[in-house]
Amino acid sequence: MSIPGCAAWLETPLGRYVIDWELAQVDARVADVFGFHAIQIGLPERDYLRNNRIGFKFRCARSGEVALISDTYELPLASQSVDLVVLPHVLEFSEHPHQVLREVERVLVPEGQLLISAFNPVSLWGARRLLAASTGEFPWQGQFLSVRRMKDWLALLSFESQPAVFGAYIPPVTPPRWIEQWDFMDNAGPRWWPFAGGVYLIQATKRVRGMRLVAPAWRDRRARAKAFAPVAQRDPVSIERNFPE
């Protein structure tokens, strides 16, 4: 995904402030996700998989220095082949957000993990978007998606989502000194207005109804067969006859 103005915004103090919070949250959640394949879709300028220990992990976008160049809504990946997918700010800037989620559901293995980061419309950032959307600047030209809508979409695809985590409570101001002056809101926000953070992160698990993962039980079957094998009992009288005193 190539968004005009995204790379430049990421280098601003406000962009670094948002991405640093997201990376810290993602680092804590992907550290214990295991499997064979992990993919980050979108925002290739930052590595959201840096703290994950899966051996084969890569980034996917429509352009840039990535391992896989592809549209986000048509992934050239086999079904049920990925254990972890990270979607940093993809859905609110995609023309086909529903199809992106359907593709993610298709490529994830059962019990696979999905992490989504997005801008929160119910926040000071959402209010700023209403005023600056006409400028076409990043990130204000995006379609901010509420947590409730995001969870509804995930539920329709049989994802089980955890409670969202909110961050970036300060007003979307640009000068670094203003960001430092409003820093106290990041401490007060989770307590006084927890759902009004500028960005949020959702972690979800792909559930497959009626499916039960069963490991091979070859050893167990042999062990059970051995445990229930009949044991020959010898008659004590016959033993005495064969071995008289």
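None of these values were measured; they are calculated from a predicted model.

### What about the overall build of the protein chain?
Part 1 of the argument: Within the protein chain, the regular secondary structure consists of nine helices and eight strands.
Part 2 of the argument: A burial count over the protein chain gives 45% of its 245 residues as buried.
Part 3 of the argument: A fraction of 70% describes how many contacts in the protein chain between residues 6 or more apart in sequence connect residues 24 or more apart.

### Quick word on the packing of aromatic side chains
Part 1 of the argument: Following the criterion strictly, the structure yields eleven aromatic pairs and no others.
Part 2 of the argument: Arranged with centres 6.4 Å apart and planes meeting at 90 degrees, the rings of Phe93 and Phe119 form a pair that is edge-to-face. Taken together, the residues Phe93 in the loop between strand S4 (82–88) and helix H3 (97–107) and Phe119 in strand S5 (residues 108–119) connect sequence positions 26 residues apart. As far as burial versus exposure is concerned, Phe93 and Phe119 are alike and both buried.
Part 3 of the argument: Connected via pairs of aromatic rings, a cluster forms that spans Trp9, Phe93, Phe119, Trp125, Phe138, Trp140 and Phe144.
Part 4 of the argument: Sitting over the face of the ring of Phe144, Arg129 holds its NZ or CZ atom 5.6 Å from the ring centroid.

### Observations concerning helix H2 (residues 13–30)
Part 1 of the argument: Here H2 spans 26 Å end to end across 18 residues, near enough to the 26 Å set by a 1.5 Å rise per residue.
Part 2 of the argument: Those residues of H2 that fall on the buried side of the exposure criterion are Leu14, Gly15, Tyr17, Val18, Ile19, Trp21, Glu22, Leu23, Gln25, Val26, Asp27 and Val30.

### So, the side chain of Gln203
Part 1 of the argument: Locating Gln203 in the fold gives a position in strand S8 (residues 199–206).
Part 2 of the argument: Apart from the residues within four sequence positions on either side, Gln203 is in contact with Arg29, Gln113, Leu114, Leu115, Glu160, Ser161 and Gln162.

### Digging into a nonpolar patch on the surface
Part 1 of the argument: Together, Trp178, Trp182 and Phe184 make up a nonpolar patch on the protein surface, roughly 320 Å² of accessible area in all.
Part 2 of the argument: Examined against the element boundaries, Trp178 turns out to sit in helix H6 (residues 176–181).

### Brief notes about the pattern of salt bridges
Part 1 of the argument: Going through the model one piece at a time under the given rule, you end up with eight salt bridges.
Part 2 of the argument: The salt bridge involving Arg62 is made with Asp71; its shortest N-O contact spans 3.2 Å.
Part 3 of the argument: Between Glu160 and Arg207 there is a salt bridge, with its nearest N and O atoms 3.0 Å apart. With Glu160 in strand S6 (residues 159–161) and Arg207 in the loop between S8 and helix H8 (218–227), this residue pair connects regions lying 47 residues apart in the sequence.
Part 4 of the argument: Residues participating in the shared-partner salt-bridge network are Glu111, Glu160 and Arg207.

### Side note on H3
Part 1 of the argument: For H3, the full list of buried residues reads Pro97, Val100, Leu101, Glu103, Val104 and Val107. What you see down the axis of H3 is that its buried residues fit within an arc of 160 degrees, all on one side.

### Comments concerning unusual backbone geometry
Part 1 of the argument: Note that the residue after Phe138, namely Pro139, is joined by a cis bond; omega there is 0 degrees.
Part 2 of the argument: For His89, which is not glycine, the phi torsion reads 55 degrees and is therefore positive.
Part 3 of the argument: For His89, the position within the fold is in the loop between S4 and H3.
Part 4 of the argument: A residue is classified by how much of its surface remains accessible, and His89, at 3% relative accessible area, is buried.
Part 5 of the argument: Of note, Ala168 is a non-glycine position whose phi angle comes to about 60 degrees, a positive value.
Part 6 of the argument: Mapped onto the elements, Ala168 comes out in the loop between strand S7 (165–167) and H6.

### Considerations on the nonpolar core
Part 1 of the argument: Ranked by size, the top nonpolar core spans 68 residues in total, and within it Leu87 and Leu114 carry the most contacts.
Part 2 of the argument: If one sorts the elements of this core by residue count, H2 sits on top with eight residues.
Part 3 of the argument: When neighbours within four sequence positions are excluded, Leu114 is seen to be in contact with Val85, Leu87, Leu101, Val104, Leu108, Leu154, Phe159, Ile202, Gln203 and Ala204.

### Here's the deal with the confidence of the model for the protein chain
Part 1 of the argument: Taken as a whole, the protein chain shows an average pLDDT of 86; of its residues, 84% reach a score of 70 or greater.
Part 2 of the argument: Mean pLDDT in the protein chain bottoms out at helix H9 (residues 236–242), which sits at 52, and peaks at S8, which reaches 98.

### Comments concerning the pairing of S5
Part 1 of the argument: The buried count for S5 comes to eleven of twelve residues, which makes it a mostly enclosed element.
Part 2 of the argument: Across six bridges, S4 lies against S5 in parallel orientation. Across the sheet, residue Pro88 finds its bridge partner in S5, namely Ser117.
Part 3 of the argument: Handedness of the crossover joining S4 and S5 through H3 is recorded here as right-handed.
Part 4 of the argument: Sheet topology places S5 next to S8; seven bridges connect them, and they run antiparallel. Its bridge partner being in S8, Ser117 is matched across the sheet by Leu201.

Calculation criteria
- Residues numbered from 1 in each chain as written.
- Predicted model: local features only at pLDDT ≥ 70, side-chain atom pairs only at ≥ 80, totals over all residues.
- Heavy atoms only, no water.
- Helix = DSSP H or I, 4+ residues; strand = E, 2+ residues; numbered from the N terminus.
- Buried < 20%, exposed > 50% of the residue type's maximum accessible area, 1.4 Å probe, protein only.
- Contact = heavy atoms within 4.5 Å.
- Phe/Tyr/Trp six-rings, centres within 6.5 Å; stacked < 30°, edge-to-face > 60°.
- Lys NZ or Arg CZ within 6 Å of the ring centre and 35° of its normal.
- Expected span 1.5 Å × (residues − 1).
- Patch = residues over 30% accessible without salt bridge, like charges linked within 9 Å, V, L, I, M, F, W, Y side chains within 5 Å.
- Areas by Shrake-Rupley, 256 points an atom, 1.4 Å probe, with all protein chains shown as cover.
- Salt bridge = Lys/Arg side-chain N within 4 Å of Asp/Glu carboxyl O.
- Arc of directions from axis to C-beta.
- Core = buried A, V, L, I, M, F, W, Y, C linked by side-chain atoms within 4.5 Å.
- pLDDT = per-residue confidence, 0-100.
- Pairing = 2+ DSSP bridges.
- Right-handed = clockwise from strand over helix to strand, strands pointing away.

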